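# Reading the structure
Listed here are the chains, written in short residue letters.
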Amino acid sequence: MERYTPQERGIIVTDYLTNFQSVVLTQREFRRRFPRRRAPCARTIKRLAERLVQTGSTRDDERSGRPRIVRSAENIAAVADDIRENPQTSTRRRCTKLGISRRSLQRILVNDLKILPQKIETDVESLPADHRSRKKDKMTDKPKRPMSAYMLWLNSAREQIKADNPGLKANEIAKKGGEIWRLMEDKSVWEEKAAKAKEEYIKDLELCNANGGDGESSGIKSQKEGKKAAAPIKSKEVEHEDEDGKEEESK
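What comes next is a walk through the structure. Note that the coordinates shown come from a computational prediction; the quantities given were computed from them, not determined experimentally. Each chain carries its own residue numbering, running from 1 in the written order of its sequence. Only residues with pLDDT of at least 70 get local features here, since the model is predicted, and only at 80 or more are side-chain atom pairs given and counted; chain-wide, interface and lining totals rely on the full set of residues. Values reported for side chains reflect all heavy atoms of the structure, with hydrogen atoms and water molecules removed beforehand.

## Re the pattern of salt bridges
Note the threshold: Here a salt bridge means any side-chain nitrogen of Lys or Arg lying within 4 Å of a carboxyl oxygen belonging to Asp or Glu. Secondary structure counts use DSSP, requiring at least four H or I residues in a row for a helix and at least two E residues in a row for a strand, with both numbered from the N terminus. Only protein chains enter the area calculation, which uses a 1.4 Å probe; residues under 20% of their type maximum are buried, those over 50% are exposed, and those in between are partly exposed.
Counted by the stated rule, this structure contains eleven salt bridges. Note that Arg33 is salt-bridged to Asp15, the shortest N-O span being 3.6 Å. One end of the pair, Arg33, is in helix 2 (residues 23–33); the other, Asp15, is in helix 1 (residues 6–18), and 18 residues separate them in sequence. Residue Arg33 is classed as partly exposed on the basis of its relative accessible area of 39%.

## Thoughts on the side chain of Arg51
Along the chain, the position of Arg51 falls in helix 3 (residues 42–55). We classify Arg51 as buried; its relative accessible area is 18%.

## Description of unusual backbone geometry
Positive phi values are uncommon outside glycine, yet Phe20 reaches one of about 60 degrees. Using a relative accessible area of 80% as the deciding quantity, one classes Phe20 as exposed. The backbone of Gln21 sits at a positive phi, close to 55 degrees, despite the residue not being glycine. The topology assignment puts Gln21 in the loop between helix 1 and helix 2.

Given below as structure tokens:
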């Protein structure tokens, strides 16, 4: 439904009720009042009238709460566990199993887990060559982002959660871990480990940027240039001389 101001909505409903609930007359009156505005369709007119009768207002219902973020720590851990246990599962079945849309699953794989979707069935860890073929000027020796305090704790407590709650699936284990993490009072140990890992990551990243970070790619380029330079190039004069020599030998 197109957005109309409160004044326009009131005029639409008033004209609709005063013109014996005629959609055509309501649209004509609206075009006369607002020549530059698009007239509402029959469905919009009837919906505004019904809303006025039911609620006494033509305003839209207020949306409560903030939109849910799918790329949460629990969903990331659930995807990682499911890939580790069932690497041969297709993307469509994995989305249905975890209750995540295909687009959100791809974002978790690429942005959070650093895994290419097409490499899951053969090898969970993606190769630098795969990244080079899909993204230009990508640094192959760039350090990986450090894990958060929650992910560090979950990796260490996953087996204990499985032992305490037998029969849980991968996504259920992640949800259970999220509940335990929220109720945990002292998280200082894992927060310190995460902060230390982040400091090491920043140092490695600065060192990588200082070195250029493209040593492997530059080596490949030099090899290609060497191969091109090694290929002999014959001029037209040399080719003609070879042809003349062949003709004399045949005579």
